Amino acid sequence: MTRLKLGVSVEKLRLAEPFRIASRVFDSANAIVVTLDDGTYVGRGEATGVYYLGDDLTNMLAELGQAHDAIEAGPSRAELRSILPAGGARNAVDAAMWELESKRTGRPVWALAGLEPPRALRTTFTVGADEPEKMAAAAAAYAHARSIKIKLTGELDLDIARVSAIRAARPDVWIGVDANQGFAIGDLDALADAMVAAGVSLIEQPLARGREADLDGYRSPIPLAADESALTLGDVAGLKGRFDVFNIKLDKCGGLTEALMIAGAAREAGLGVMVGCMVCSSLGAAPGFVAGQLCDLVDLDGPLFLARDRSPGVVYRDGTIWCDETVWGAREPATA
């Protein structure tokens, strides 16, 4: 193992405007940026953690401090899973390890992961919770979008009005709704019926984490996606029969390495696979783009909400996201 030099810096990712979900309003996020330097090449990774798990800046920095020597010893990505727990700190180090290997070998990350050359991915574009008319205007402003995700707050009548307003403004798009744990099981029939009427194709995390058993025996007319209930590889088995889709986020599971494992295990369990992101720049979204090559649904619009993204950054065009090796990783050498 080659001895590495670990670098850790903190950056504040400022949003262009406040963004509301069921439980809170965001105007910025604290990100850690990890670098791994082998003396010739440098790998990078970014993470903002998981706010509802207490995985904040203080926690991520503490975990990196405790694991400093073990990380600098140059472990494998598999070994990293036992050095750091799932969460933002591991995600940032895991991403830096992937990029470092990519630069060392001259092979792009997708090739190292055993994947086919990447394709642009159709992604959702998220509308934060607000008054129905304002949300409809925001959806209309996503003129290029082919898929829109609507943030709900658990206020049933208001949420139904929000979705109806957006559907009227955008009759052409795929729509999913994200409740962010805002409802109780007794609300689901009314919510689902209204969503069917509005042509909604996905309901994400309707119930609070820890209330998964409430879904036993419940049959939704619309697929249910688990987000807060779906953190790591160990959560796959418990979702079967309750949810239809596992929403992978690299800050939750601890990086691309585990994300690829989750995608395979979810498929074996008969679950659909989705990839999403926390607040992030293009550097944070890039590993998710690789994982997205294995997913049915993609929700990687995080960089769009920033007042300023990194450059070069991911490209959004015609409802898709594209990320090449100028953003993260290394290009495959040209052949003669």
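To be clear, the structure that these remarks concern was listed above.
Scope of this entry: the structure provided in the associated data block. Note that the structure is predicted; figures quoted are calculated from it, not measured.

### Thoughts on the sheet that holds strand E2 (residues 25–37)
So, point 1. Strand order across the open sheet formed by three strands is E1-E2-E3, with antiparallel pairing between neighbours. On the outer flanks of this sheet lie strand E1 (5–20) and strand E3 (42–47), each paired with one strand and no other. Going from strand to strand, the sheet's axes swing by 20 degrees on average, the running direction of each strand aside.
So, point 2. This element, helix H1 (residues 57–66), spans E1, E2 and E3 of the sheet and lies at about 15 degrees to E2.

### Re the packing of aromatic side chains
So, point 1. Throughout the structure, instances matching the rule amount to six aromatic pairs.
So, point 2. Here Phe19 and Phe305 contribute two aromatic rings whose centre-to-centre distance is 4.9 Å and whose plane-to-plane angle is 65 degrees, an arrangement assigned as edge-to-face. Of this pair, Phe19 sits in strand E1 while Phe305 sits in the loop between strand E12 (297–298) and strand E13 (315–317), and the two are 286 residues apart along the sequence. The residues Phe19 and Phe305 share a single accessibility class, namely buried.
So, point 3. Relative to Tyr52, the ring of Tyr51 lies with its centre 5.2 Å away and its plane at 90 degrees, an arrangement referred to as edge-to-face.
So, point 4. For Tyr52, a relative accessible area of 23% translates into the label partly exposed.

Thresholds, definitions, all that
- Residues numbered from 1 in each chain as written.
- Predicted model: local features only at pLDDT ≥ 70, side-chain atom pairs only at ≥ 80, totals over all residues.
- Heavy atoms only, no water.
- Pairing = 2+ DSSP bridges.
- Helix = DSSP H or I, 4+ residues; strand = E, 2+ residues; numbered from the N terminus.
- Axes fitted to C-alpha atoms, helices over the stretch in contact; angles between N-to-C directions.
- Contact = heavy atoms within 4.5 Å.
- Phe/Tyr/Trp six-rings, centres within 6.5 Å; stacked < 30°, edge-to-face > 60°.
- Buried < 20%, exposed > 50% of the residue type's maximum accessible area, 1.4 Å probe, protein only.

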